[in-house]
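Analysis of the macromolecular model
Next come the chains, spelled out residue by residue.
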Amino acid sequence: MHQLKYCSSCGSENEFSFIDGNNRFHCVKCGTIHYQNPKPTATLICMKNNQLLLGRRDRNPAKGKWGLIGGFMELNETLEEAAIRELYEETKLVGEVVNIFGTSSHFNTVFGDVLLIGIVVNVKDWDTLEAGDDISEAKLFEINNLPNLAFDSHLELIELYKKLSH
Ligand SMILES: [Zn+2]
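Heads up: these notes are all about the structure in this document. What you are looking at is a predicted structure, and each value in this text was computed from that prediction instead of being measured. (Residues numbered from 1 in each chain as written. Predicted model: local features only at pLDDT ≥ 70, side-chain atom pairs only at ≥ 80, totals over all residues. Heavy atoms only, no water.)

1. Side note on the overall build of the protein
Of the regular secondary structure elements, the protein holds two helices and ten strands. In the protein, the succession of α and β elements from N to C terminus is β-β-β-β-β-β-β-α-β-β-β-α. Principal-axis analysis of the C-alpha atoms places the extent of the protein at approximately 60 × 30 × 30 Å. The buried share among the 166 residues of the protein stands at 39%. Contacts in the protein between residues far apart in sequence, at least 24 positions, make up 59% of those at least 6 positions apart. Accessible surface, the protein as shown: approximately 9700 Å² in total, 47% of it carbon and sulfur. Positive and negative charge centroids in the protein, built from 16 and 23 side chains respectively, lie 5 Å apart. (Helix = DSSP H or I, 4+ residues; strand = E, 2+ residues; numbered from the N terminus. Buried < 20%, exposed > 50% of the residue type's maximum accessible area, 1.4 Å probe, protein only. Contact = heavy atoms within 4.5 Å. Areas by Shrake-Rupley, 256 points an atom, 1.4 Å probe, with all protein chains shown as cover. Lys, Arg positive; Asp, Glu negative; His and termini not counted. Charge placed at Lys NZ, Arg CZ, Asp CG, Glu CD.)

Here's what the structure looks like:
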(Lines give C-alpha, C1' and ligand atoms only; values in the text may rest on other atoms or scores of the structure.)
Protein backbone atom coordinates (compact mmCIF):
# COMPACT_ATOMS: atom_id res chain seq x y z
CA MET A 1 0.00 0.00 0.00
CA HIS A 2 1.34 3.41 -0.93
CA GLN A 3 1.61 5.79 1.99
CA LEU A 4 -0.33 8.91 1.19
CA LYS A 5 0.86 11.08 4.01
CA TYR A 6 -0.51 14.38 2.82
CA CYS A 7 -3.78 15.37 1.19
CA SER A 8 -3.27 16.21 -2.47
CA SER A 9 -6.23 18.60 -2.33
CA CYS A 10 -5.34 20.80 0.66
CA GLY A 11 -1.93 19.65 1.93
CA SER A 12 -3.09 18.58 5.39
CA GLU A 13 -1.95 15.32 6.90
CA ASN A 14 -4.16 12.39 5.94
CA GLU A 15 -5.66 9.88 8.30
CA PHE A 16 -5.75 6.15 7.53
CA SER A 17 -8.93 4.65 8.85
CA PHE A 18 -12.26 3.13 7.90
CA ILE A 19 -14.33 5.25 5.53
CA ASP A 20 -16.73 4.44 2.67
CA GLY A 21 -16.53 0.70 3.15
CA ASN A 22 -12.79 0.18 3.63
CA ASN A 23 -9.65 1.41 5.32
CA ARG A 24 -8.41 4.32 3.24
CA PHE A 25 -6.31 7.44 3.39
CA HIS A 26 -8.57 10.44 3.78
CA CYS A 27 -8.38 14.04 4.85
CA VAL A 28 -10.46 15.09 7.83
CA LYS A 29 -9.84 18.76 7.06
CA CYS A 30 -11.30 18.95 3.53
CA GLY A 31 -13.09 15.60 3.38
CA THR A 32 -11.23 14.21 0.35
CA ILE A 33 -11.05 10.42 0.27
CA HIS A 34 -7.89 9.21 -1.47
CA TYR A 35 -9.08 6.06 -3.20
CA GLN A 36 -6.44 3.56 -4.32
CA ASN A 37 -7.06 0.87 -6.89
CA PRO A 38 -5.12 -1.96 -8.50
CA LYS A 39 -3.12 -1.04 -11.57
CA PRO A 40 -3.85 -3.08 -14.71
CA THR A 41 -0.97 -4.49 -16.71
CA ALA A 42 -0.91 -6.12 -20.12
CA THR A 43 0.99 -9.38 -19.54
CA LEU A 44 1.82 -11.33 -22.67
CA ILE A 45 1.89 -14.93 -23.70
CA CYS A 46 3.81 -15.05 -26.99
CA MET A 47 4.35 -18.57 -28.25
CA LYS A 48 6.55 -19.84 -31.06
CA ASN A 49 5.49 -23.46 -31.42
CA ASN A 50 6.04 -24.85 -27.89
CA GLN A 51 8.28 -22.01 -26.82
CA LEU A 52 7.31 -19.05 -24.66
CA LEU A 53 8.90 -15.63 -24.95
CA LEU A 54 10.46 -14.28 -21.74
CA GLY A 55 12.50 -11.22 -20.93
CA ARG A 56 15.29 -10.89 -18.39
CA ARG A 57 14.38 -7.89 -16.28
CA ASP A 58 16.80 -5.00 -16.43
CA ARG A 59 15.42 -3.08 -13.48
CA ASN A 60 13.93 -3.67 -10.08
CA PRO A 61 11.80 -5.21 -8.80
CA ALA A 62 13.41 -8.61 -9.52
CA LYS A 63 16.21 -7.28 -11.71
CA GLY A 64 18.07 -10.12 -13.48
CA LYS A 65 15.15 -12.56 -13.27
CA TRP A 66 12.98 -13.78 -16.13
CA GLY A 67 9.43 -12.65 -16.62
CA LEU A 68 6.66 -12.39 -19.13
CA ILE A 69 6.75 -9.45 -21.49
CA GLY A 70 4.38 -6.65 -20.59
CA GLY A 71 3.78 -3.61 -18.49
CA PHE A 72 1.40 -1.03 -17.13
CA MET A 73 -1.25 0.51 -19.31
CA GLU A 74 -0.83 4.18 -20.10
CA LEU A 75 -3.63 6.72 -19.87
CA ASN A 76 -5.69 6.99 -23.08
CA GLU A 77 -4.66 3.54 -24.17
CA THR A 78 -6.68 0.37 -24.66
CA LEU A 79 -5.48 -2.92 -23.22
CA GLU A 80 -4.77 -4.19 -26.73
CA GLU A 81 -2.73 -1.10 -27.57
CA ALA A 82 -0.75 -1.53 -24.35
CA ALA A 83 0.00 -5.15 -25.25
CA ILE A 84 1.29 -4.34 -28.73
CA ARG A 85 3.26 -1.32 -27.49
CA GLU A 86 4.96 -3.24 -24.66
CA LEU A 87 5.85 -6.10 -26.97
CA TYR A 88 7.51 -3.73 -29.42
CA GLU A 89 9.27 -1.65 -26.76
CA GLU A 90 10.71 -4.66 -24.96
CA THR A 91 11.48 -7.02 -27.86
CA LYS A 92 11.13 -5.09 -31.17
CA LEU A 93 8.58 -7.67 -32.26
CA VAL A 94 5.35 -6.75 -34.01
CA GLY A 95 2.37 -8.73 -32.79
CA GLU A 96 -1.39 -8.91 -32.84
CA VAL A 97 -3.74 -9.72 -29.98
CA VAL A 98 -5.39 -13.14 -30.21
CA ASN A 99 -7.35 -13.14 -26.96
CA ILE A 100 -7.53 -12.15 -23.32
CA PHE A 101 -7.57 -15.38 -21.36
CA GLY A 102 -7.49 -14.52 -17.66
CA THR A 103 -5.95 -12.56 -14.84
CA SER A 104 -3.80 -12.90 -11.77
CA SER A 105 -3.29 -10.52 -8.86
CA HIS A 106 -0.11 -9.35 -7.20
CA PHE A 107 -0.68 -7.50 -3.95
CA ASN A 108 1.53 -5.01 -2.13
CA THR A 109 4.16 -4.50 -4.82
CA VAL A 110 6.23 -1.33 -4.87
CA PHE A 111 3.58 -0.07 -7.33
CA GLY A 112 0.70 -1.05 -5.07
CA ASP A 113 -1.70 -3.82 -6.01
CA VAL A 114 -1.35 -4.98 -9.61
CA LEU A 115 -3.91 -6.77 -11.76
CA LEU A 116 -2.13 -8.76 -14.43
CA ILE A 117 -4.26 -9.31 -17.50
CA GLY A 118 -3.08 -12.27 -19.54
CA ILE A 119 -3.12 -11.71 -23.30
CA VAL A 120 -2.16 -14.11 -26.05
CA VAL A 121 -0.27 -12.25 -28.76
CA ASN A 122 0.63 -13.73 -32.11
CA VAL A 123 4.01 -12.83 -33.60
CA LYS A 124 4.38 -13.45 -37.32
CA ASP A 125 8.00 -12.54 -37.85
CA TRP A 126 10.46 -13.49 -35.09
CA ASP A 127 13.53 -12.29 -36.99
CA THR A 128 13.47 -8.84 -35.39
CA LEU A 129 13.65 -10.22 -31.83
CA GLU A 130 16.08 -8.30 -29.64
CA ALA A 131 16.16 -6.94 -26.10
CA GLY A 132 14.67 -3.46 -25.95
CA ASP A 133 13.47 -1.28 -23.07
CA ASP A 134 13.52 -2.65 -19.51
CA ILE A 135 15.06 -6.03 -20.36
CA SER A 136 18.65 -7.15 -20.90
CA GLU A 137 17.80 -10.31 -22.84
CA ALA A 138 14.79 -11.67 -24.72
CA LYS A 139 14.59 -15.39 -25.31
CA LEU A 140 12.27 -18.29 -26.12
CA PHE A 141 11.99 -21.16 -23.62
CA GLU A 142 10.20 -24.49 -23.83
CA ILE A 143 7.00 -23.76 -21.93
CA ASN A 144 7.43 -26.96 -19.90
CA ASN A 145 11.01 -26.13 -18.99
CA LEU A 146 11.07 -22.52 -17.86
CA PRO A 147 13.70 -20.81 -15.73
CA ASN A 148 12.76 -19.48 -12.30
CA LEU A 149 10.42 -16.57 -12.78
CA ALA A 150 10.49 -13.16 -11.16
CA PHE A 151 6.91 -13.30 -9.92
CA ASP A 152 4.42 -15.96 -8.82
CA SER A 153 1.73 -13.93 -10.59
CA HIS A 154 3.48 -14.64 -13.92
CA LEU A 155 3.67 -18.34 -13.15
CA GLU A 156 -0.04 -18.36 -12.31
CA LEU A 157 -0.86 -16.85 -15.70
CA ILE A 158 1.35 -19.36 -17.51
CA GLU A 159 -0.28 -22.27 -15.66
CA LEU A 160 -3.73 -20.89 -16.50
CA TYR A 161 -2.78 -20.50 -20.15
CA LYS A 162 -1.46 -24.10 -20.28
CA LYS A 163 -4.65 -25.40 -18.69
CA LEU A 164 -6.87 -23.52 -21.12
CA SER A 165 -4.89 -24.50 -24.19
CA HIS A 166 -5.07 -28.24 -23.56
ZN1 LIG B 1 -7.52 17.78 2.39
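2. Things to note about unusual backbone geometry
Note the cis peptide between Asn60 and Pro61, where omega equals 5°. With respect to the element layout, Pro61 can be found in the loop between β6 (51-57) and β7 (66-72). Backbone geometry places Ala62, a non-glycine residue, at a positive phi of 65°. Topologically, Ala62 is positioned in the loop between β6 and β7. Of note, the phi angle at Lys92 is positive, near 65°, even though the residue is not glycine.

3. Description of the coordination of the zinc ion
Distances from the zinc ion to its protein donors, Cys7 (SG), Cys10 (SG), Cys27 (SG) and Cys30 (SG), fall at 2.3 to 2.4 Å. Around the zinc ion sit four donor atoms, and with donor-metal-donor angles ranging over 101 to 116° the site reads as tetrahedral. When the donors of the zinc ion are listed by position in the chain, the intervening gaps give C-x2-C-x16-C-x2-C. Here the residue Cys10 occupies a position in the segment before β1 (15-19), and Cys30 occupies one in the loop between β2 (22-26) and β3 (33-34), the gap between them amounting to 20 residues. The partly exposed category is assigned to Cys10, whose relative accessible area is 39%. Taking relative accessible area as the criterion, Cys30 reaches 38% and is therefore assigned partly exposed. (Donors = N, O, S within 2.8 Å, 3.2 Å for Na, K, Ca; no water. Tetrahedral: all angles 85-135°; square planar, octahedral: opposite > 155°, others 65-115°.)

4. Let's talk about the pairing of strand β4 (residues 39-45)
Most of β4 is tucked away, with five of its seven residues classed as buried. Pairing between β4 and strand β9 (residues 112-123): seven bridges, direction parallel. For Thr41, the partnering residue across the bridge sits in β9 and is Leu116. (Pairing = 2+ DSSP bridges.)

5. Focus: the pairing of β6
Bridge analysis of strand β5 (residues 47-48) against β6 gives two bridges, and the strand direction is antiparallel. The partner of Lys48 across the bridge, within β6, is Gln51. Turn length for the β5-β6 hairpin, with the two strands adjacent in sequence and antiparallel, is two residues, and the turn residue Asn49 shows positive phi of about 55°. In this structure, β6 lies alongside strand β10 (residues 135-142), joined through seven bridges in antiparallel fashion. Bridge pairing in β10 places Arg57 opposite Ile135. Sheet topology places β6 next to β7; three bridges connect them, and they run antiparallel. Residue Gly55 lies in a different strand from β7, and its bridge partner there is Gly67.

Take it as geometry only, folks, not as evidence of what the structure does.
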